[in-house]
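Structural description and commentary
Each chain, letter by letter, is given below.
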Amino acid sequence: MDKAEQSMLDNLHKNTGKSLEEWMVFVKGKSFEKHGQIMKFLKEEEGLTHGFANLIALKTLATDAGSVEDKHELIENQYKGKEHFKPIYEHLISEILKFGNDIEIAPKNANVSLRRKKQFALLYPITKTRFEIGINLKGQDPSGKLLSSGNAMCTHKIILTDFENIDDEVMDWLKKAFESAG
């Protein structure tokens, strides 16, 4: 368990009076099958923040990286039916790792989170025709390929449709996000 997750667990109990295990038992009693159902219930009915609701949903369904023994399997599953985007992922990872030696690569069910002291990017094949890079750059106006995200996990996004979309601009935005997360 990383420091960020431990902090979330500590704050969950402090802020709600219930441990993660208590929340998981409570949610399992509701017989939800999908992540989104759990999220909606916890946010709307229990008044939890997005972060706490997401943590509880992931752990209840055992779909977070920490619940999977083979992290490589999570990545492989993301690219089933979207194999043509795997070279984009591999290239981005190899280039991003050149930014520094303090990058944590944390595969999830639907994406790969890149973190230093905090998350600075998410890499994920959204559809068969669109790969997205979620980027955290608070206070940065959208510009060029950097679009406003509307996603709670990232402030901005860059949309890629093929390998040739990866250029200096894309790498510069990733580098800026990396630097702001340190």
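Reading the values: rules and limits
Residues numbered from 1 in each chain as written. Predicted model: local features only at pLDDT ≥ 70, side-chain atom pairs only at ≥ 80, totals over all residues. Heavy atoms only, no water. Helix = DSSP H or I, 4+ residues; strand = E, 2+ residues; numbered from the N terminus. Polar contact = N/O pair within 3.5 Å; in protein donor to acceptor, adjacent residues only side chain to side chain. Contact = heavy atoms within 4.5 Å. Salt bridge = Lys/Arg side-chain N within 4 Å of Asp/Glu carboxyl O. Buried < 20%, exposed > 50% of the residue type's maximum accessible area, 1.4 Å probe, protein only. Axes fitted to C-alpha atoms, helices over the stretch in contact; angles between N-to-C directions. Parallel < 35°, antiparallel > 145°, perpendicular 65-115°, else oblique. Nonpolar A, V, L, I, M, F, W, Y, C, P; charged D, E, K, R; others polar. Arc of directions from axis to C-beta. Core = buried A, V, L, I, M, F, W, Y, C linked by side-chain atoms within 4.5 Å.

Here we take up the side chain of Asn136. Locating Asn136 in the fold gives a position in the loop between β4 (131-135) and β5 (147-151). A polar side-chain atom of Asn136 sits 3.2 Å from the main-chain amide nitrogen of Thr155. Once residues within four sequence positions are removed from consideration, Asn136 is found in contact with Gln119, Phe120, Met153, Cys154, Thr155, Ala177 and Ser180.

It is worth spelling out the pattern of salt bridges at this point. Using the criterion set out here, one finds seven salt bridges in the structure. When the shortest N-O distance is used, the salt bridge between Lys145 and Asp167 registers 2.7 Å. Of this pair, Lys145 sits in the loop between β4 and β5 while Asp167 sits in the loop between β6 (154-160) and α7 (168-180), placing them 22 residues apart in sequence. Residue Lys145 is classed as partly exposed on the basis of its relative accessible area of 25%. Shared partners join several salt bridges into a network, and the residues in it are Glu76, Lys86 and Glu90.

Here we take up the packing of helix α1 (residues 3-16) against helix α4 (residues 50-61). Contact pair α1 / α4: the axes reach a minimum separation of 11 Å and the direction vectors enclose 110 degrees. The angle between α1 and α4 places the two elements in the roughly perpendicular class. In this structure, α1 uses Glu5, Met8, Leu9, Asn11, Leu12 and Asn15 to contact α4, whose residues at the interface are Gly51, Phe52, Leu55, Ile56 and Lys59. The residue inventory of the contact of α1 with α4, partitioned by class, reads six nonpolar, three polar and two charged.

A few words on helix α5 (residues 71-78). Among all positions of α5, only Leu74, Ile75 and Gln78 are buried. Across the axial projection of α5, the buried residues extend over an arc of 95 degrees, all falling on one side. Tucked inside the fold, the buried residues of α5 contact α6 (86-96), β1 (104-107), β2 (112-115) and β3 (119-125).

For the rest of this paragraph, the subject is the nonpolar core. Leu92, Ile96, Phe131, Ile133 and Leu174 are the most contacted members of the largest nonpolar core, which totals 30 residues. Taken together, the elements giving at least two residues each to this core come down to α6, β2, β3, β4, β6 and α7. Counting residues in each nonpolar core, the second largest holds 16 residues, with Leu12, Met24, Phe41 and Leu42 among its members.

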